[in-house]
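# Secondary and tertiary structure notes
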Amino acid sequence: QGTSGYIKGYAFMAGVDAPVFGGTAMFALGYASTEDAAVMNGAEKAESDRFGVGIGYTYNLSKRTNLYGVASWYQDSIDSEKVTSNNETTYRDRDPQTYQVIVGLRHRF
């Protein structure tokens, strides 16, 4: 099935960083709200909200090499999701969550 329709809504995100223990600590908050979302794969989302938080830290080992770590969490709230299965239509509310952790070493050439 294809995608048709549109999404309208708004989103806000704010973040800060600060020097901490010889590296840089980062923090961000975000919020998004949408309604009248596109029809996709038989499901139509009437309204959804997303709240997210992320923290991170980066530490320079040299001028070209650094260590970094990031952790984030998102909470969604989906209201009146239309789901059609076996020619039967139902509406449901869902509140899925997403977690993410990233750790890495970066070297710039």
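Look a little higher up for the structure.
Source: prediction; values computed, not measured.

Backbone geometry at Phe21 places phi at a positive 50 degrees, although glycine is not the residue there. As for its placement among the helices and strands, Phe21 is situated in the loop between β1 (8–20) and β2 (23–35).

In this fold, Ser72 is placed in strand β6 (residues 65–85). For Ser72, a relative accessible area of 15% translates into the label buried. Setting aside its immediate chain neighbours within four residues, Ser72 contacts Val53, Gly54, Thr98, Tyr99 and Gln100.

Quick look at the environment of Leu61 now. Within the secondary structure, Leu61 is located in the loop between β5 (47–60) and β6. A sequence separation of 44 residues divides Leu61 from Leu105, and the C-alpha atoms of the two residues are 9.6 Å apart. Leaving out residues up to four positions away in the same chain, Leu61 has contacts with Asn66, Leu67 and Leu105.

Moving on, we get to a nonpolar patch on the surface. A surface patch of nonpolar side chains, about 770 Å² in accessible area, is lined by Tyr10, Phe12, Val16, Phe27, Leu29, Tyr31, Phe51 and Ile55. Mapped by element, the contributors of at least two residues to the nonpolar patch are β1, β2 and β5. In this fold, Phe51 is placed in strand β5.

All right, on to the packing of aromatic side chains then. Taken as a whole and judged by the stated rule, the model has three aromatic pairs. Ring plane angle 45 degrees and centroid distance 6.2 Å describe the contact between Tyr10 and Tyr31, whose orientation is recorded as tilted. You can see Tyr10 sitting in strand β1 and its partner Tyr31 sitting in strand β2, a full 21 residues away along the chain. Taking relative accessible area as the criterion, Tyr10 reaches 45% and is therefore assigned partly exposed. For Tyr31, a relative accessible area of 31% gives the class partly exposed. Clustering of aromatic rings is evident, with ring pairs tying together Tyr10, Phe12 and Tyr31.

Here Val53 lies in strand β5. A residue is classified by how much of its surface remains accessible, and Val53, at 25% relative accessible area, is partly exposed. Between the C-alpha atom of Val53 and that of Met13, which follows or precedes it by 40 residues, the distance is 9.6 Å. Among residues more than four places away in sequence, those in contact with Val53 are Phe27, Ala28, Leu29, Ala71, Ser72 and Trp73.

Rules behind the numbers
Residues numbered from 1 in each chain as written. Predicted model: local features only at pLDDT ≥ 70, side-chain atom pairs only at ≥ 80, totals over all residues. Heavy atoms only, no water. Helix = DSSP H or I, 4+ residues; strand = E, 2+ residues; numbered from the N terminus. Buried < 20%, exposed > 50% of the residue type's maximum accessible area, 1.4 Å probe, protein only. Contact = heavy atoms within 4.5 Å. Patch = residues over 30% accessible without salt bridge, like charges linked within 9 Å, V, L, I, M, F, W, Y side chains within 5 Å. Areas by Shrake-Rupley, 256 points an atom, 1.4 Å probe, with all protein chains shown as cover. Salt bridge = Lys/Arg side-chain N within 4 Å of Asp/Glu carboxyl O. Phe/Tyr/Trp six-rings, centres within 6.5 Å; stacked < 30°, edge-to-face > 60°.

What is shown is where atoms sit, not what they do.
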